[in-house]
Amino acid sequence: MATLIKPPATQPRRRTLGPQVPLEGDAGLYTQAWFPICMSSDIGSGEVKGYPFLGGRVIAFRGADGVAQVTSAYCTHLGADLSLGRVVGNQVQCPYHQWEFDRTGSCRKTGAGDPAPARANLFAFPTREKHGLIWAFNGEVPHYDLPEWPFPEADLIVQTQEFPVPMNVDPWVICAQTPDIQHLLLLHKFEVMPGGIGREIEWTDHSMFYQIDGMWGGRRMNVRGGIIGTSIFFQTGTLDGRWFGFLGAFGLPAPQQSRLFSVFAGERTDDEAEVRAFLDECHRFETAIAMEDSAIALTIHFKVGSLTRADAPLARYLDMVRRWPRAHPSAEFID
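Notes on the structure in this doc start here. (Residues numbered from 1 in each chain as written. Predicted model: local features only at pLDDT ≥ 70, side-chain atom pairs only at ≥ 80, totals over all residues. Heavy atoms only, no water.)

### Focus on the pairing of strand E15 (residues 219-228)
Side chains on a regular strand alternate between the two faces of the sheet. Stated formally: Strands were regarded as paired on the criterion that DSSP finds at least two bridges between them. Under the DSSP-based scheme used, a helix requires at least four consecutive residues in state H or I and a strand at least two consecutive residues in state E, with every element numbered from the N terminus.
Strand direction decides the pairing type here: strand E14 (residues 207-216) and E15, joined by ten bridges, are antiparallel. Within the sheet, the bridge partner assigned to tryptophan 216 lies in E15 and is arginine 219. Between E14 and E15, which pair antiparallel and follow one another directly, the connecting turn spans two residues, one of which, glycine 217, has a positive phi of 60°. Relative to strand E16 (residues 232-239), E15 runs antiparallel, the two being bridged by eight bridges. Residue pairing across strands places glycine 225 opposite glutamine 235, the latter belonging to E16.

Shown next, in the form of C-alpha coordinates:
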(Lines give C-alpha, C1' and ligand atoms only; values in the text may rest on other atoms or scores of the structure.)
Protein backbone atom coordinates (compact mmCIF):
# COMPACT_ATOMS: atom_id res chain seq x y z
CA MET A 1 0.00 0.00 0.00
CA ALA A 2 1.31 3.42 -0.97
CA THR A 3 2.23 5.73 1.90
CA LEU A 4 0.36 9.03 1.95
CA ILE A 5 2.86 11.83 2.11
CA LYS A 6 1.51 14.88 3.98
CA PRO A 7 2.70 18.33 2.96
CA PRO A 8 4.73 20.15 5.61
CA ALA A 9 2.68 22.14 8.06
CA THR A 10 2.52 25.84 7.32
CA GLN A 11 1.92 28.68 9.73
CA PRO A 12 -1.13 30.83 9.00
CA ARG A 13 -0.18 34.21 7.63
CA ARG A 14 -0.68 36.96 10.19
CA ARG A 15 -0.54 40.74 9.94
CA THR A 16 2.35 42.24 11.88
CA LEU A 17 1.17 44.98 14.24
CA GLY A 18 3.03 47.21 16.64
CA PRO A 19 1.71 48.75 19.87
CA GLN A 20 -1.51 50.53 18.99
CA VAL A 21 -2.57 54.03 19.95
CA PRO A 22 -5.91 54.14 21.80
CA LEU A 23 -8.65 55.66 19.70
CA GLU A 24 -10.57 58.62 21.05
CA GLY A 25 -13.44 57.28 23.13
CA ASP A 26 -11.81 53.92 23.90
CA ALA A 27 -12.90 52.87 27.40
CA GLY A 28 -14.90 56.11 27.47
CA LEU A 29 -11.74 58.27 27.58
CA TYR A 30 -10.44 61.11 25.38
CA THR A 31 -7.07 62.85 25.14
CA GLN A 32 -6.83 65.83 27.48
CA ALA A 33 -6.18 68.44 24.82
CA TRP A 34 -7.45 71.73 23.41
CA PHE A 35 -10.14 71.29 20.75
CA PRO A 36 -11.86 73.99 18.66
CA ILE A 37 -15.63 74.11 19.20
CA CYS A 38 -16.59 76.77 16.66
CA MET A 39 -15.42 79.96 15.01
CA SER A 40 -15.52 83.14 17.09
CA SER A 41 -17.74 84.72 14.46
CA ASP A 42 -20.35 81.98 15.00
CA ILE A 43 -21.26 83.36 18.45
CA GLY A 44 -22.35 86.97 18.61
CA SER A 45 -22.80 88.99 21.78
CA GLY A 46 -25.71 87.57 23.77
CA GLU A 47 -25.91 84.39 21.65
CA VAL A 48 -25.85 80.71 22.64
CA LYS A 49 -25.44 77.75 20.27
CA GLY A 50 -25.07 74.00 20.69
CA TYR A 51 -22.33 71.73 19.30
CA PRO A 52 -21.39 68.05 19.44
CA PHE A 53 -18.24 67.38 21.47
CA LEU A 54 -16.63 64.22 22.86
CA GLY A 55 -19.63 62.16 21.81
CA GLY A 56 -22.02 64.43 23.73
CA ARG A 57 -23.34 67.97 23.48
CA VAL A 58 -22.05 71.34 24.70
CA ILE A 59 -23.00 74.97 24.31
CA ALA A 60 -20.92 78.03 23.56
CA PHE A 61 -22.34 81.34 24.71
CA ARG A 62 -21.11 84.91 24.79
CA GLY A 63 -22.09 87.24 27.61
CA ALA A 64 -22.88 90.92 27.40
CA ASP A 65 -19.23 91.60 28.30
CA GLY A 66 -18.13 89.76 25.14
CA VAL A 67 -16.49 86.82 26.91
CA ALA A 68 -17.23 83.36 25.47
CA GLN A 69 -17.66 80.17 27.50
CA VAL A 70 -18.19 76.49 26.70
CA THR A 71 -20.27 74.38 29.10
CA SER A 72 -22.29 71.19 29.05
CA ALA A 73 -25.55 71.66 27.16
CA TYR A 74 -28.17 70.06 29.41
CA CYS A 75 -29.86 71.91 32.26
CA THR A 76 -29.28 70.25 35.62
CA HIS A 77 -32.99 70.67 36.48
CA LEU A 78 -34.65 68.36 33.94
CA GLY A 79 -32.17 68.17 31.08
CA ALA A 80 -33.49 70.76 28.64
CA ASP A 81 -31.04 71.75 25.91
CA LEU A 82 -29.67 75.16 26.88
CA SER A 83 -28.90 76.01 23.25
CA LEU A 84 -32.65 76.68 22.96
CA GLY A 85 -32.41 79.23 25.76
CA ARG A 86 -30.99 82.72 25.81
CA VAL A 87 -28.21 84.77 27.36
CA VAL A 88 -29.16 87.12 30.18
CA GLY A 89 -26.29 89.45 31.04
CA ASN A 90 -23.33 87.09 31.35
CA GLN A 91 -25.42 84.01 32.19
CA VAL A 92 -27.24 81.44 30.08
CA GLN A 93 -30.93 80.89 30.83
CA CYS A 94 -32.74 77.58 30.36
CA PRO A 95 -35.82 77.84 28.08
CA TYR A 96 -37.85 75.40 30.18
CA HIS A 97 -37.94 76.81 33.74
CA GLN A 98 -35.59 79.80 33.37
CA TRP A 99 -32.80 78.53 35.55
CA GLU A 100 -29.68 80.64 34.96
CA PHE A 101 -26.05 79.49 34.96
CA ASP A 102 -22.88 81.57 35.04
CA ARG A 103 -19.60 80.90 33.24
CA THR A 104 -18.34 78.67 36.06
CA GLY A 105 -21.39 76.45 35.47
CA SER A 106 -22.98 77.40 38.79
CA CYS A 107 -26.73 77.87 38.96
CA ARG A 108 -27.45 81.43 40.10
CA LYS A 109 -31.21 81.70 39.75
CA THR A 110 -34.38 79.64 39.26
CA GLY A 111 -37.41 80.86 37.40
CA ALA A 112 -39.73 79.91 40.25
CA GLY A 113 -37.74 82.00 42.70
CA ASP A 114 -36.56 79.06 44.82
CA PRO A 115 -32.92 79.23 45.99
CA ALA A 116 -30.54 77.84 43.40
CA PRO A 117 -29.52 74.30 44.46
CA ALA A 118 -25.87 74.33 45.54
CA ARG A 119 -24.96 71.27 43.45
CA ALA A 120 -26.92 72.21 40.33
CA ASN A 121 -23.82 72.80 38.22
CA LEU A 122 -23.02 72.52 34.55
CA PHE A 123 -19.58 71.31 33.49
CA ALA A 124 -17.61 74.43 32.57
CA PHE A 125 -14.73 73.60 30.24
CA PRO A 126 -11.56 75.67 30.39
CA THR A 127 -12.28 78.00 27.47
CA ARG A 128 -10.02 80.20 25.33
CA GLU A 129 -10.82 82.45 22.40
CA LYS A 130 -7.83 82.68 20.11
CA HIS A 131 -6.99 82.66 16.39
CA GLY A 132 -10.62 83.33 15.51
CA LEU A 133 -11.77 80.15 17.28
CA ILE A 134 -13.45 79.24 20.57
CA TRP A 135 -11.56 76.35 22.18
CA ALA A 136 -12.42 73.97 25.01
CA PHE A 137 -9.97 71.82 26.96
CA ASN A 138 -11.00 68.29 27.85
CA GLY A 139 -10.22 68.44 31.54
CA GLU A 140 -10.29 70.57 34.65
CA VAL A 141 -6.96 72.38 34.18
CA PRO A 142 -5.01 72.67 30.89
CA HIS A 143 -1.45 71.32 31.00
CA TYR A 144 -0.20 73.26 27.94
CA ASP A 145 -1.06 76.50 26.14
CA LEU A 146 -2.38 77.37 22.71
CA PRO A 147 0.35 78.56 20.32
CA GLU A 148 1.26 82.19 19.67
CA TRP A 149 2.26 83.85 16.41
CA PRO A 150 5.81 85.26 16.45
CA PHE A 151 4.40 88.79 15.95
CA PRO A 152 1.87 90.77 18.04
CA GLU A 153 -1.67 90.06 16.86
CA ALA A 154 -2.22 93.80 16.29
CA ASP A 155 0.45 93.62 13.57
CA LEU A 156 -1.27 90.77 11.76
CA ILE A 157 -4.28 90.13 9.55
CA VAL A 158 -5.81 86.76 10.37
CA GLN A 159 -8.33 84.76 8.36
CA THR A 160 -10.17 81.78 9.87
CA GLN A 161 -12.29 79.30 7.92
CA GLU A 162 -14.04 76.00 8.52
CA PHE A 163 -13.55 73.12 6.13
CA PRO A 164 -17.14 72.16 5.22
CA VAL A 165 -16.64 68.37 5.22
CA PRO A 166 -15.78 66.50 8.45
CA MET A 167 -13.33 63.58 8.39
CA ASN A 168 -14.07 60.19 9.90
CA VAL A 169 -10.78 59.85 11.77
CA ASP A 170 -9.54 61.09 15.12
CA PRO A 171 -7.68 64.43 15.14
CA TRP A 172 -4.41 62.77 16.20
CA VAL A 173 -4.55 60.59 13.07
CA ILE A 174 -4.59 63.77 10.93
CA CYS A 175 -1.76 65.19 13.03
CA ALA A 176 0.31 62.02 12.51
CA GLN A 177 0.90 63.03 8.89
CA THR A 178 3.31 65.76 10.02
CA PRO A 179 5.87 63.52 11.80
CA ASP A 180 5.50 61.12 8.86
CA ILE A 181 8.33 62.90 7.05
CA GLN A 182 8.63 60.19 4.40
CA HIS A 183 5.19 60.95 3.01
CA LEU A 184 6.29 64.55 2.31
CA LEU A 185 9.02 63.17 0.07
CA LEU A 186 7.25 60.17 -1.44
CA LEU A 187 3.60 61.23 -1.76
CA HIS A 188 3.92 65.01 -2.02
CA LYS A 189 7.31 64.81 -3.77
CA PHE A 190 8.82 67.89 -2.13
CA GLU A 191 12.13 68.89 -3.69
CA VAL A 192 14.50 69.33 -0.76
CA MET A 193 16.23 72.71 -0.59
CA PRO A 194 19.37 73.65 1.44
CA GLY A 195 17.48 74.04 4.75
CA GLY A 196 16.40 70.42 4.51
CA ILE A 197 13.27 68.64 5.71
CA GLY A 198 13.18 67.18 9.19
CA ARG A 199 16.92 67.04 9.78
CA GLU A 200 16.55 68.12 13.41
CA ILE A 201 13.34 67.71 15.40
CA GLU A 202 12.43 69.63 18.54
CA TRP A 203 10.41 67.64 21.08
CA THR A 204 8.58 68.64 24.24
CA ASP A 205 6.15 66.63 26.33
CA HIS A 206 3.29 67.97 24.19
CA SER A 207 4.74 69.02 20.82
CA MET A 208 7.16 68.35 17.98
CA PHE A 209 8.58 70.74 15.34
CA TYR A 210 11.04 70.65 12.45
CA GLN A 211 12.12 72.72 9.46
CA ILE A 212 10.64 72.23 5.99
CA ASP A 213 12.64 73.89 3.23
CA GLY A 214 11.40 72.58 -0.08
CA MET A 215 9.88 73.27 -3.47
CA TRP A 216 6.33 72.17 -4.24
CA GLY A 217 4.18 73.26 -7.15
CA GLY A 218 6.95 75.54 -8.37
CA ARG A 219 7.00 77.51 -5.12
CA ARG A 220 9.47 77.52 -2.26
CA MET A 221 8.17 76.94 1.25
CA ASN A 222 10.62 77.47 4.11
CA VAL A 223 8.74 76.99 7.38
CA ARG A 224 8.97 75.61 10.89
CA GLY A 225 6.05 73.23 11.19
CA GLY A 226 4.84 70.80 13.77
CA ILE A 227 2.16 69.42 16.04
CA ILE A 228 0.91 70.76 19.38
CA GLY A 229 -1.06 68.30 21.45
CA THR A 230 -3.33 65.90 19.59
CA SER A 231 -5.34 68.47 17.63
CA ILE A 232 -3.20 71.35 16.30
CA PHE A 233 -0.88 71.72 13.31
CA PHE A 234 1.15 74.95 13.54
CA GLN A 235 3.41 76.41 10.87
CA THR A 236 5.26 79.71 10.49
CA GLY A 237 7.74 80.77 7.84
CA THR A 238 7.84 81.97 4.27
CA LEU A 239 6.23 81.22 0.94
CA ASP A 240 8.50 82.49 -1.82
CA GLY A 241 10.23 84.67 0.77
CA ARG A 242 7.11 86.28 2.28
CA TRP A 243 6.11 85.48 5.87
CA PHE A 244 2.84 83.73 6.69
CA GLY A 245 1.44 81.60 9.47
CA PHE A 246 -0.85 78.60 9.18
CA LEU A 247 -2.74 76.79 11.92
CA GLY A 248 -4.86 73.69 11.37
CA ALA A 249 -7.24 72.99 14.26
CA PHE A 250 -9.16 69.74 14.53
CA GLY A 251 -12.30 69.51 16.65
CA LEU A 252 -13.59 66.26 18.14
CA PRO A 253 -17.40 66.02 17.85
CA ALA A 254 -17.42 62.27 18.50
CA PRO A 255 -15.08 59.27 18.40
CA GLN A 256 -13.36 58.92 15.01
CA GLN A 257 -14.69 62.25 13.78
CA SER A 258 -12.80 65.48 13.16
CA ARG A 259 -14.12 68.95 12.46
CA LEU A 260 -11.51 70.96 10.52
CA PHE A 261 -10.64 74.64 10.81
CA SER A 262 -7.82 76.59 9.15
CA VAL A 263 -6.24 79.87 10.23
CA PHE A 264 -3.88 81.97 8.09
CA ALA A 265 -1.94 85.00 9.30
CA GLY A 266 -0.01 87.64 7.36
CA GLU A 267 1.80 90.84 8.31
CA ARG A 268 -0.45 93.89 8.24
CA THR A 269 0.32 96.65 5.71
CA ASP A 270 -1.49 99.74 4.46
CA ASP A 271 -2.99 97.59 1.70
CA GLU A 272 -5.27 95.20 3.60
CA ALA A 273 -6.88 93.86 0.41
CA GLU A 274 -3.47 92.83 -0.93
CA VAL A 275 -2.60 91.02 2.32
CA ARG A 276 -5.91 89.16 2.26
CA ALA A 277 -5.29 88.20 -1.36
CA PHE A 278 -1.90 86.78 -0.30
CA LEU A 279 -3.56 84.81 2.52
CA ASP A 280 -6.09 83.42 0.03
CA GLU A 281 -3.12 82.37 -2.09
CA CYS A 282 -1.52 80.63 0.94
CA HIS A 283 -4.83 78.91 1.63
CA ARG A 284 -5.02 77.57 -1.93
CA PHE A 285 -1.40 76.41 -1.75
CA GLU A 286 -1.82 74.53 1.55
CA THR A 287 -5.17 73.09 0.44
CA ALA A 288 -3.64 71.77 -2.77
CA ILE A 289 -1.00 69.91 -0.74
CA ALA A 290 -3.63 68.55 1.64
CA MET A 291 -5.81 67.35 -1.23
CA GLU A 292 -3.05 64.93 -2.20
CA ASP A 293 -3.75 63.25 1.16
CA SER A 294 -7.54 63.46 0.98
CA ALA A 295 -8.44 60.16 -0.71
CA ILE A 296 -6.05 58.29 1.61
CA ALA A 297 -7.34 60.06 4.72
CA LEU A 298 -10.96 59.36 3.81
CA THR A 299 -10.39 55.62 3.39
CA ILE A 300 -7.58 54.78 5.81
CA HIS A 301 -8.03 52.16 8.56
CA PHE A 302 -5.16 53.47 10.65
CA LYS A 303 -3.19 50.80 12.50
CA VAL A 304 0.43 50.86 13.58
CA GLY A 305 2.10 48.11 11.57
CA SER A 306 5.70 47.28 10.68
CA LEU A 307 7.68 50.51 11.05
CA THR A 308 11.23 50.99 9.77
CA ARG A 309 14.14 53.26 10.67
CA ALA A 310 12.80 55.96 8.34
CA ASP A 311 9.65 56.07 10.49
CA ALA A 312 11.50 57.07 13.67
CA PRO A 313 9.88 60.55 14.00
CA LEU A 314 6.42 59.08 13.39
CA ALA A 315 7.08 56.29 15.88
CA ARG A 316 8.09 58.81 18.55
CA TYR A 317 4.99 60.93 17.94
CA LEU A 318 2.73 57.86 18.14
CA ASP A 319 4.40 56.95 21.42
CA MET A 320 3.74 60.48 22.70
CA VAL A 321 0.04 60.13 21.85
CA ARG A 322 -0.01 56.60 23.27
CA ARG A 323 1.19 57.98 26.62
CA TRP A 324 -1.01 61.10 26.50
CA PRO A 325 -3.21 61.72 29.57
CA ARG A 326 -6.77 60.60 28.93
CA ALA A 327 -9.95 61.36 30.85
CA HIS A 328 -13.57 62.37 30.39
CA PRO A 329 -14.60 64.45 33.42
CA SER A 330 -17.61 65.93 31.60
CA ALA A 331 -19.09 62.55 30.64
CA GLU A 332 -22.09 62.56 33.00
CA PHE A 333 -22.89 66.16 32.06
CA ILE A 334 -22.76 66.06 28.24
CA ASP A 335 -24.21 62.61 27.48
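### So, the environment of glycine 18
Operational definition: Buried means the residue's accessible area, taken with a 1.4 Å probe over protein chains only, is under 20% of the maximum for its type, while exposed means over 50%, and partly exposed covers the values in between. Working rule for contacts: check all heavy atoms of both residues, and any pair within 4.5 Å makes them a contact.
Mapped onto the elements, glycine 18 comes out in the segment before strand E1 (30-31). Relative accessible area serves as the criterion here: at 22%, glycine 18 is assigned to the partly exposed category. Taking the C-alpha atoms as reference points, glycine 18 and leucine 307, separated by 289 residues in sequence, lie 8.0 Å from one another. Aside from chain neighbours lying at most four places away, what touches glycine 18 is Val304 and Gly305.

### Topic: the side chain of serine 330
Its location among the elements puts serine 330 in the loop between strand E19 (326-327) and helix H5 (331-334). You can call serine 330 buried: its relative accessible area is 0%.

### Things to note about the packing of aromatic side chains
Here is the rule: The pairing test for Phe, Tyr and Trp rings, Trp by its six-membered ring, is centres within 6.5 Å, and the orientation test on the planes gives stacked under 30 degrees, edge-to-face over 60, and tilted for anything in between.
The final tally for this structure, using the stated rule, is 14 aromatic pairs. For the ring pair tyrosine 144 and tryptophan 324, a centre distance of 5.9 Å and an interplane angle of 80° mean the geometry is edge-to-face. Taken together, the residues span a long stretch of sequence, with tyrosine 144 in the loop between strand E11 (133-137) and strand E12 (156-162) and tryptophan 324 in the loop between helix H4 (312-322) and E19 at a distance of 180 residues. When its relative accessible area of 4% is taken as the criterion, tyrosine 144 is described as buried. Ring centres of phenylalanine 246 and phenylalanine 264 lie 4.6 Å apart, and the angle between their planes is 10°; on these two criteria the pair is classed as stacked. Here phenylalanine 246 is found in strand E17 (residues 242-251), whereas its partner phenylalanine 264 is found in strand E18 (residues 259-267), with 18 residues between them in sequence.

### With respect to the state of the cysteines
Formally: Here, the term disulfide refers to a pair of cysteine sulfur atoms separated by no more than 2.5 Å.
Scanning all chains against the criterion turns up zero disulfides. Sulfur of cysteine 38: no disulfide; nearest cysteine sulfur belongs to cysteine 175 and is 19 Å away. Cysteine 38 sits in the buried class, given a relative accessible area of 0%. Between cysteine 107, a cysteine without a disulfide, and cysteine 75, which holds the nearest cysteine sulfur, the sulfur-to-sulfur distance is 7.1 Å. Residue class for cysteine 107 comes out buried when judged on its relative accessible area of 8%.

### Let's talk about the nonpolar core
Within soluble globular proteins, side chains that are nonpolar generally end up buried alongside one another. Worth spelling out the cut-off: In this description, a nonpolar core means a group of buried Ala, Val, Leu, Ile, Met, Phe, Trp, Tyr and Cys residues linked to one another through side-chain atoms lying within 4.5 Å.
Phe125, Phe244 and Tyr317 are the most contacted members of the largest nonpolar core, which totals 79 residues. With seven residues, the single largest contributor to this core is helix H3 (residues 272-299). If you look at the next biggest cluster of nonpolar residues, it comprises 15 residues, including Phe61, Val92, Phe101 and Leu122.

### A closer look at the sheet that holds E11
The criterion, for reference: Under this scheme, a helix contributes an axis fitted over its contacting stretch, all axes are lines through C-alpha atoms, and angles between N-to-C directions fall in the 0 to 180 degree range.
Across the sheet, three strands lie side by side as E2-E11-E10; this open sheet has antiparallel pairing. Sheet topology places strand E2 (34-39) and strand E10 (127-130) at the edges, where each strand pairs with a single neighbour. Direction aside, the axes of adjacent strands within the sheet are offset by 30° on average. Inspection of the sheet shows E2 paired to E11 by five bridges, in the antiparallel sense. Its bridge partner being in E11, methionine 39 is matched across the sheet by leucine 133.

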